[in-house]
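# Overview (structure and organization)
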Amino acid sequence: MTLTAQTAPVTVRRARTSDVQYIRELVAPLADERVLIAKEAVAYYEGLQEFRIAQDAEGNVIGCGALHVMWEDLAEVRTLATHRDWRGRGVGHLLLEQLLADAVEIGVSRVFCLTFEVDFFQRHGFEVMENQSAVDPQVYSELLRSQDEGVAEFLDLARVKPNTLGNTRMIRTVRG
Ligand SMILES: CC(C)(COP(=O)(O)OP(=O)(O)OC[C@H]1O[C@@H](n2cnc3c(N)ncnc32)[C@H](O)[C@@H]1OP(=O)(O)O)[C@@H](O)C(=O)NCCC(=O)NCCS
């Protein structure tokens, strides 16, 4: 997928192992601001196939985003980040559109996110989640068995609240 931004074409592609260092560089300042949660390098390698990378015409990594499957019909957009120098030029849009297309391709029908960027996600069809009605009680009890922090965020569990204070939980449906 390619767009022509203000100065140069931007391409979105699957992540490679060599991108992990750049993903970590994108996440680090946002983790300092408590916007994203930084993870150990090993977690990015383990989750690498969830990631899409945005690169500029020279091949520099300028953005990233991941789609993490939670359940048969449910996945989370996580670690969506555009380099500061590239914000407001459609890179986040391109990444998110690709992640939503990935969701359709693998059979997911609903996509969740936890974010401060409410306007951006609303423009992409997400709505604020008012309660847990997105999952039935049976699935909720199964999801409780997950060790994943993102799933805990989705379930709004107390143990992740110190890290997610002020974030908005949002969800949208996607179609195949
Ligand atoms: C959320 C985030 C990824 C958006 O990235 P981005 O590359 O700036 O996104 P876009 O450029 O597609 O859209 C941003 C704004 O620029 C505008 N814009 C989009 N394309 C544009 C273009 N070609 N030219 C000018 N402006 C444009 C849009 O109106 C949009 O406004 P909105 O946010 O009110 O919808 C970025 O702000 C970020 O890294 N935030 C920190 C991490 C985070 O909170 N991630 C979400 C939780 S996982």
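About the thresholds
Residues numbered from 1 in each chain as written. Predicted model: local features only at pLDDT ≥ 70, side-chain atom pairs only at ≥ 80, totals over all residues. Helix = DSSP H or I, 4+ residues; strand = E, 2+ residues; numbered from the N terminus. Rg over C-alpha atoms; globule rule 2.2 N^0.38 Å. Buried ≥ 20, exposed ≤ 12 C-beta atoms within 10 Å, placed from the backbone. Contact = placed C-beta atoms within 7 Å. Core = buried A, V, L, I, M, F, W, Y, C linked by C-beta atoms within 7 Å. Near = placed C-beta within 6 Å. Nonpolar A, V, L, I, M, F, W, Y, C, P; charged D, E, K, R; others polar. Pairing = 2+ DSSP bridges.

Labelled according to an unreviewed UniProt entry, the protein chain appears under the name Amino-acid N-acetyltransferase, originating from Arthrobacter gallicola.

### Some thoughts on the overall build of the protein chain
For the protein chain, the count of helices and strands is 7 helices and 8 strands. Computed over C-alpha atoms, the radius of gyration of the protein chain comes to 16 Å, within 12% of the 16 Å expected from 2.2 N^0.38 for 176 residues, which places it in the range of a compact globule. Considering only C-alpha atoms, the protein chain reaches an extent of 50 × 35 × 30 Å along its principal axes. By the burial criterion, 30% of the 176 residues in the protein chain qualify as buried. Excluding contacts between residues fewer than 6 apart, the proportion of contacts in the protein chain whose partners are at least 24 apart in sequence is 65%.

### Here we look at the nonpolar core
Judged by nonpolar contacts, the single largest core of 38 residues is most densely connected at Ala54 and Leu95. Of all the elements in the fold, those that place two or more residues in this core are strand S2 (9–14), helix H1 (20–32), strand S3 (51–55), strand S4 (61–71), strand S5 (74–82), helix H3 (91–106), strand S6 (110–115) and helix H6 (149–155). It is H3 that contributes the most residues to this core, 7 residues altogether.

### Digging into the site of the ligand
Lining the immediate surroundings of the ligand are 23 residues, of which Thr82, Gly90, Gly92, His93 and Phe120 lie closest. Taken together, the elements giving at least two residues each to the shell around the ligand come down to S5, H3, S6 and helix H4 (118–123). It is S5 that provides the largest number of residues to the shell around the ligand, a total of 6 residues. Taken together, the residues that form the shell around the ligand break down as 10 nonpolar, 7 polar and 6 charged.

### A word on the pairing of S4
Here S3 pairs with S4 via 5 bridges, running antiparallel. Residue pairing across strands places Gln55 opposite Val61, the latter belonging to S4. Between S3 and S4, which pair antiparallel in sequence order, lie 5 residues; one of them, Gly59, sits at a positive phi of approximately 90 degrees. Two elements, S4 and S5, share 7 bridges in a ladder whose sense is antiparallel. In the sheet register, His68 faces S5, and the bridge partner there is Glu76. Counted along the chain from S4 to the antiparallel partner S5, the turn is 2 residues long.

### Quick look at unusual backbone geometry
Non-glycine residue Arg34 carries a positive phi angle of around 65 degrees. As for its position among the elements, Arg34 is in the loop between H1 and helix H2 (41–46). The phi dihedral of Asp156 is positive, around 65 degrees, even though this residue is not glycine. With respect to the secondary-structure elements, Asp156 resides in the loop between H6 and helix H7 (161–164).

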